[in-house]
Amino acid sequence: MSNLSCGIVGLPNVGKSTLFNALTRKAAPAANYPFCTIDPNVGIVEVADPRLIVLSKLSHSKKIIPAMMTFVDIAGLVKGASQGEGLGNQFLTNIRETDAIVHVVRCFENDDVIHVAGKIDPIADIEVINLELILSDLQMADNSIVRMEKQVRGKKELQPILDVLKKASIHLNNNQPLRSLILNEEERDHLASYPFLTSKKVLYATNVSEKDLPSMENKYVAQVRDYAAKEGNSVVPICARLEEEVGQLSLEEAREYLSSLGLNETGLDRLIKAAFEMLGLITYITTGEIETRAWTITRGMNAQEAAGKIHSDIQKGFIRAEVVSYDDMVTYQSRAAARDVGKARSEGKEYFVKDGDVILFFHN
């Protein structure tokens, strides 16, 4: 996973496109009516990591390459989308390819911004979207079962796949997302090749008004927190309108403006941190005169697998990894100085890489 991707979903007029524009500083038209985002807009943003700036100064790097994150803004979903209502299945196809879902939920009152259902009810909104995702998955599961039943006649070894698809179909029929289906490892592997929407993790971005700053808490956010806790999902409160304002400013101005409101980071940074945490992602760093670069990997990946993120040849010819922690690099000011005091560890292929490890790979 070199580039994490999240699909941004939500009912029309919840602040989805406003948030997307702010996140990516890219102008998807935000209008006060449903369906202004027809094609999925794709925005790629840098993952802010102050460690890269510090290391690039130590290494006199010519450039810095941060980790990246892709956001896909998907047309406002309405009731009946899985049956083709609104933009229906076009929306659903776009989101199957993402790693996780950022579900924007309206948690503000504003008479000037119409609500598609006529009232503010974040749980009802969440359930409309969840039901559409469940119905879409059910359709896919049932179609897959029909195909698999034909194949099983000639290939008995496919029976376990058919069994787990049937299990998934029953679960979906009970109005339950697949992320709550209890499976053993073999069953999980069988289901992994099907891009089911409800097996993805969800991050609820509760969109609040500016009067809820700086706490970003209100009765609606509290309702979403309770709901998300039962599912094992996370909540990140944001104010899309504020994000949009901050997006117009320089980094220095943005920092001052946020600080004046009692905030120390943007909603985008909090959203990215939460997405990384939710998906079990960490960053290791390589640094030298040419560049200082962040590499995104899954927590629990070993040194040889991590080397493969740079190039498959480094993974194949892996000899060892010289690892210095970020803190030690800063304390001793260089890899050579860290090495002199025994703070550069020589690790084999089975070493589990940690967040912030500064690594030099040796390979054939």
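Residues numbered from 1 in each chain as written. Predicted model: local features only at pLDDT ≥ 70, side-chain atom pairs only at ≥ 80, totals over all residues. Heavy atoms only, no water.

Novice: When you look at the overall build of the protein in this model, what are you seeing that I'm missing?
Specialist: From N to C terminus, the protein includes 14 helices and 12 strands. Across the 364 residues of the protein, 51% fall into the buried class. Within the protein, residue pairs in contact and separated by at least 24 positions form 68% of the contacts whose partners lie at least 6 positions apart. Taken as a whole, the protein presents about 17700 Å² of accessible surface, with 51% of it coming from carbon and sulfur. (Helix = DSSP H or I, 4+ residues; strand = E, 2+ residues; numbered from the N terminus. Buried < 20%, exposed > 50% of the residue type's maximum accessible area, 1.4 Å probe, protein only. Contact = heavy atoms within 4.5 Å. Areas by Shrake-Rupley, 256 points an atom, 1.4 Å probe, with all protein chains shown as cover.)

Novice: How do you make sense of the pattern of salt bridges when you look at a structure like this?
Specialist: A side chain of one charge can pair with a side chain of the opposite charge when the charged atoms of the two come close. Evaluated as defined, the whole model comprises 15 salt bridges. Of the charged contacts, one joins R179 and E231 as a salt bridge, the two residues approaching to 3.8 Å between their closest N and O atoms. Taken as a pair, R179 in the loop between α5 (159-173) and α6 (185-192) and E231 in helix α7 (residues 219-231) lie far apart in primary sequence, 52 residues in all. We classify E231 as partly exposed; its relative accessible area is 24%. A salt bridge links R255 to E252, with the shortest nitrogen-to-oxygen separation between them at 3.2 Å. Placement of both R255 and E252 in helix α9 (residues 251-260) is noted, with a separation of three residues, approximately one turn of the helix. (Salt bridge = Lys/Arg side-chain N within 4 Å of Asp/Glu carboxyl O.)

Novice: I would appreciate a short explanation of helix α10 (residues 267-278) in the present structure.
Specialist: Residues three or four positions apart in an α-helix share a direction because the helix packs 3.6 residues into each turn. For α10, built from 12 residues, the straight-helix expectation of 16 Å at 1.5 Å per residue is met to within 8% by its first-to-last C-alpha distance of 16 Å. When α10 is considered as a whole, its buried residues turn out to be G267, L268, L271, I272, A274, A275, F276 and M278. Where α10 terminates, the next one or two residues include G280, which has phi positive at roughly 65°. (Expected span 1.5 Å × (residues − 1).)

Novice: What's the story with the nonpolar core in this structure? I'm lost.
Specialist: Burial of nonpolar side chains together is a common tendency in soluble globular proteins. Membership of the largest hydrophobic core comes to 70 residues, with the highest contact counts inside it found for M69, F71 and Y204. Of all the elements, α10 adds the most residues to this core, at seven residues. Among all residues touching Y204, those that are not within four sequence positions of it are H103, V105, I126, N130, V224, Y227, A228, E231, N233, S234, V235 and V236. M140, M148, V152 and Y194 belong to the second-largest nonpolar core, a separate cluster that totals 20 residues. (Core = buried A, V, L, I, M, F, W, Y, C linked by side-chain atoms within 4.5 Å.)

Novice: Even after reading the chapter, I still don't get the sheet that holds strand β1 (residues 3-9), so can you show me in this structure?
Specialist: Strands belonging to one sheet form pairs held by backbone hydrogen bonds; the direction of such a pair is parallel or antiparallel. Within the open sheet, the six strands sit side by side as β2-β4-β1-β5-β6-β7. Their pairing is mixed. Of all strands in the sheet, those with a lone pairing partner are β2 (41-46) and β7 (234-238), marking the two edges. Looking at each pair of strands side by side, their axes are set apart by 25° on average, direction ignored. Note: β1 against strand β4 (residues 68-73), six bridges, orientation parallel. Paired with L4 across the two strands is M69, which belongs to β4. Strands in contact with α7 are β5 (100-106), β6 (201-207) and β7; relative to β6, the strand with the most contacts, it is inclined by about 175°. (Pairing = 2+ DSSP bridges. Axes fitted to C-alpha atoms, helices over the stretch in contact; angles between N-to-C directions.)

Novice: Teacher, can you tell me more about the pairing of β6 here?
Specialist: Moving residue by residue along a regular strand, the side chains alternate between the two faces of the sheet. Among the seven residues of β6, six are classified as buried, and the element is accordingly described as predominantly covered. As paired elements, β5 and β6 share seven bridges and run parallel to each other. Bridge assignment links A100 to a residue of β6, and that residue is K201. Relative to β7, β6 is paired through five bridges, and the arrangement is parallel. Counterpart to L203 in the pairing with β7 is S234.

Novice: Even after reading the chapter, I still don't get the packing of helix α4 (residues 122-154) against α7, so can you show me in this structure?
Specialist: Angle between the axes and distance between the axes: these two values describe a pair of packed helices. Running from amino to carboxyl end, α4 crosses α7 at an angle of 40°, the nearest separation of the two axes being 9 Å. When the axis of α4 is compared with that of α7, the two are oblique. Listed contacts from α7 to P122, I123, I126, E127 and N130 of α4 are Y220, Q223, V224, Y227 and E231. (Parallel < 35°, antiparallel > 145°, perpendicular 65-115°, else oblique.)

Novice: Please clarify how the packing of α5 against α6 should be interpreted in this entry.
Specialist: Two numbers describe how α5 lies on α6: the axes approach to 9 Å, and their chain directions differ by 85°. In terms of orientation, α5 and α6 fall into the roughly perpendicular class. For the pair α5 and α6, contact is made by P160, I161, V164, L165, K167 and A168 and by E187, H190 and L191, respectively. Its residues placed into classes, the contact of α5 with α6 shows six nonpolar, one polar and two charged. (Nonpolar A, V, L, I, M, F, W, Y, C, P; charged D, E, K, R; others polar.)

Novice: Explain the packing of aromatic side chains here, please?
Specialist: What describes a pair of aromatic rings is the distance from one ring centre to the other and the angle between the planes of the rings. If you walk through the whole model with that rule in mind, you get five aromatic pairs. Ring centres of Y284 and F361 lie 5.9 Å apart, and the angle between their planes is 80°; on these two criteria the pair is classed as edge-to-face. Taken as a pair, Y284 in strand β8 (residues 281-287) and F361 in strand β12 (residues 357-363) lie far apart in primary sequence, 77 residues in all. Assigned by exposure class, Y284 and F361 land together as buried. (Phe/Tyr/Trp six-rings, centres within 6.5 Å; stacked < 30°, edge-to-face > 60°.)

Novice: I'm lost on the environment of S334 in this one. Help?
Specialist: Checked against the element boundaries, S334 lands in the loop between α13 (326-332) and α14 (335-340). A residue is classified by how much of its surface remains accessible, and S334, at 27% relative accessible area, is partly exposed. Expressed as a C-alpha distance, the spacing of S334 and L58, which sit 276 residues apart in the sequence, is 6.6 Å.

Novice: I tried to follow unusual backbone geometry on my own but got confused; where do I start?
Specialist: The general pattern is negative phi for most residues beyond glycine and trans for most peptide bonds. Across the junction of L213 and P214, the peptide omega takes the value -5°, indicating a cis bond. Within the secondary structure, P214 is located in the loop between β6 and α7. In this structure, N13 takes a positive phi of about 65° despite not being glycine. Structurally, N13 is set in the loop between β1 and α1 (16-24). Positive phi is not limited to glycine here, since M216 has a value of about 60°. Judged by relative accessible area, M216 falls into the buried class, the value being 4%.

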